[in-house]
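Below are the chains, spelled out letter by letter.
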Amino acid sequence: MFEFEQVPLPKLGITGLEGAMSEEELAIQDVAHRFAEEVMRPIAEKLDKMDHEAAVAEDSPIWEFLDKLEQSGLVDLAAIAGMTNEEKSRIIPIIFEELAWGDSGLAMGYIVSKFPAFAAYHTGDPELIERFGHLRGCWAATQPDRGSDLVDIEATECHPGERQGRGNLVARIEDGEVVINGQTSAWVSGAPIAESTLLYCQFDDGNGIYNDDGTHKYIGVLVPFDIPGVSKGKPLDKMGMRALCQGEIYFDNARVPLKYMIADMDKGYPSFFGALTFGNMEMGISFTGVARAAYDHALAYVHERKQGGTELINHQGVRARLFKMHQKVEACRAMAKRAFEYNYGPNGPHLLASATSKTFVTDTCVEVCSEALQLFGGNGLTREYPLEKLFRDARAAQIADGENNVLGMKSASWLSKVYKDKNGL
Ligand SMILES: Cc1cc2nc3c(=O)[nH]c(=O)nc-3n(C[C@H](O)[C@H](O)[C@H](O)COP(=O)(O)OP(=O)(O)OC[C@H]3O[C@@H](n4cnc5c(N)ncnc54)[C@H](O)[C@@H]3O)c2cc1C
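The structure displayed is predicted, hence computed values, not measured ones. (Residues numbered from 1 in each chain as written. Predicted model: local features only at pLDDT ≥ 70, side-chain atom pairs only at ≥ 80, totals over all residues. Heavy atoms only, no water.)

**Q** Hey, could you run me through a negative patch on the surface in this one?
**A** Residues Glu-24, Glu-86, Glu-87 and Glu-341 make up a contiguous surface patch of negative charge. By the secondary structure assignment, Glu-24 is in helix α1 (residues 23-49). The class of Glu-24 is exposed, set by a relative accessible area of 52%. (Patch = residues over 30% accessible without salt bridge, like charges linked within 9 Å, V, L, I, M, F, W, Y side chains within 5 Å. Areas by Shrake-Rupley, 256 points an atom, 1.4 Å probe, with all protein chains shown as cover. Salt bridge = Lys/Arg side-chain N within 4 Å of Asp/Glu carboxyl O. Lys, Arg positive; Asp, Glu negative; His and termini not counted. Charge placed at Lys NZ, Arg CZ, Asp CG, Glu CD. Helix = DSSP H or I, 4+ residues; strand = E, 2+ residues; numbered from the N terminus. Buried < 20%, exposed > 50% of the residue type's maximum accessible area, 1.4 Å probe, protein only.)

Following this line, the structure appears as structure tokens:
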């Protein structure tokens, strides 16, 4: 039993039903929240309304965001690398829920911009750290003909009797160098402003790009963009997450030293799997932040807008709808944090945990944004108010980092494999 002298009002933190947080965690949350509100939201609003080419031009506000985030020290890779797993599982979600509450496109763009640097630091090789540690990066994995097929790592979702296509990007080794030819998809986040990429692509070892089981041979390779043979397409014009610029990267006999290959043929897919596991985990907490942003706007609006002679909140039906939104935001956060705990715990990491969170949170986020938009009535549809942007952002997230249905099928195949393994089937 809990004992009370009187019935109190619930104490709610920035993120609602928050349990114990240390002073350090509260301070980090406060700094991230203020940065999201004061720096990210105004910049994201401008970028969302800008032409997609102007959004990456020299005078774009994107540069102000990148400079200010760097100066804020909020995302210090070295400090994060030095944390215990338990600290990572608590502090990374605190930071990224707030940043995505500010703007999901800017938050996701910043994460992927660090992928090559992160991979370089992970090797511990001073030459790679020197070359890539300070370059703005991106994560190039999908190709025009390899979207969901890429996510279907073990090719479990292929039509019976078929195998995945060749894709559009192949690397080979020649004279001690990795030679790359082909192109990525137009969806490479941050590519228009990147100086390097962590590239995953098919590998021809002299015996073609297919393994005997129909899967592809894959490598992970760091590629700087200041070498001959690398060029970029035009920035993509899209519906949501418009602050996140995207575009193709072309490789025409681009050559990099063999040591830039951070994952060889045996390690390429496991390395990609690790990056996707991290990415999906981040998406889960980030779109919890987006759902919360929609809820926060709706909560404020229903206390202002009057219809039926009173503020909307005084209508029972509106209160019921608002409570459902609150519930869903809490469910998103619980799910997202559980994926962090699993991935940084003794049984993780695994894409199953991250995809469980990513798919649930992004689908639920669309529902919350849609209901928040509905509570704004006609105003929700206009660009004067923030809801239509949040809805577009949330909608993009159901496809980014693996389309949700495909991630669901992959996850179910792992659940079945574990069941069969346990039961000797
Ligand atoms: C905002 C955003 C950011 C992104 N960032 C990056 C990035 O940084 N780097 C990068 O490399 N890529 C990135 N992507 C690409 C993203 O990973 C792909 O869009 C995603 O994997 C889906 O691929 P696709 O768009 O080719 O769709 P497709 O694979 O063509 O899928 C189309 C439809 O077919 C269905 N489908 C596909 N295969 C099957 C199957 N086997 N069985 C049943 N149904 C199937 C899917 O469910 C889907 O509904 C990003 C995408 C978005 C939207």
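So much for the structure itself; the text now carries on.
**Q** Sorry, what's going on with the domain arrangement of the chain here?
**A** Assigned domains of the chain: these are domain 1 (23-113), domain 2 (136-266) and domain 3 (271-422). Averaged C-alpha coordinates put domain 1 and domain 3 at centres separated by 19 Å. On the side of domain 3, 22 residues touch domain 1, which itself brings 19 residues to the contact. Where domain 1 abuts domain 3, roughly 1800 Å² becomes buried across the two surfaces, and 57% of that area is made up of carbon and sulfur atoms. Summed over the three residues of domain 1 that lose the most area to domain 3, namely Asp-48, Glu-97 and Trp-101, the buried surface amounts to 31% of that side. In this structure, the connection of domain 1 to domain 3 is made through six salt bridges. Its salt-bridge partner being Asp-48, residue Arg-383 comes within 3.8 Å of it at the nearest N-O pair. Secondary structure elements with two or more residues in the side of domain 1 that touches domain 3: α1, α4 (85-102) and α5 (104-113). Tallying contributions element by element places α4 first for the side of domain 1 that touches domain 3, with ten residues. Here the residues of the side of domain 1 that touches domain 3 sort into eight nonpolar, four polar and seven charged. (Domains from an automatic or database assignment. Contact = heavy atoms within 4.5 Å. Buried area = accessible area lost by both parts, 1.4 Å probe. Nonpolar A, V, L, I, M, F, W, Y, C, P; charged D, E, K, R; others polar.)

**Q** How should the pairing of strand β3 (residues 177-183) be read in this particular structure?
**A** Remark: a regular strand shows side chains that alternate across the two faces of the sheet. Of the pairings in the sheet, the one linking strand β2 (residues 169-174) to β3 comprises six bridges and is antiparallel in character. Bridge pairing in β3 places Ile-173 opposite Val-178. In this antiparallel pair of consecutive strands, β2 and β3, the connection spans two residues, and Asp-175 shows a positive phi of 50°. Sheet topology places β3 next to strand β9 (residues 249-257); six bridges connect them, and they run antiparallel. (Pairing = 2+ DSSP bridges.)

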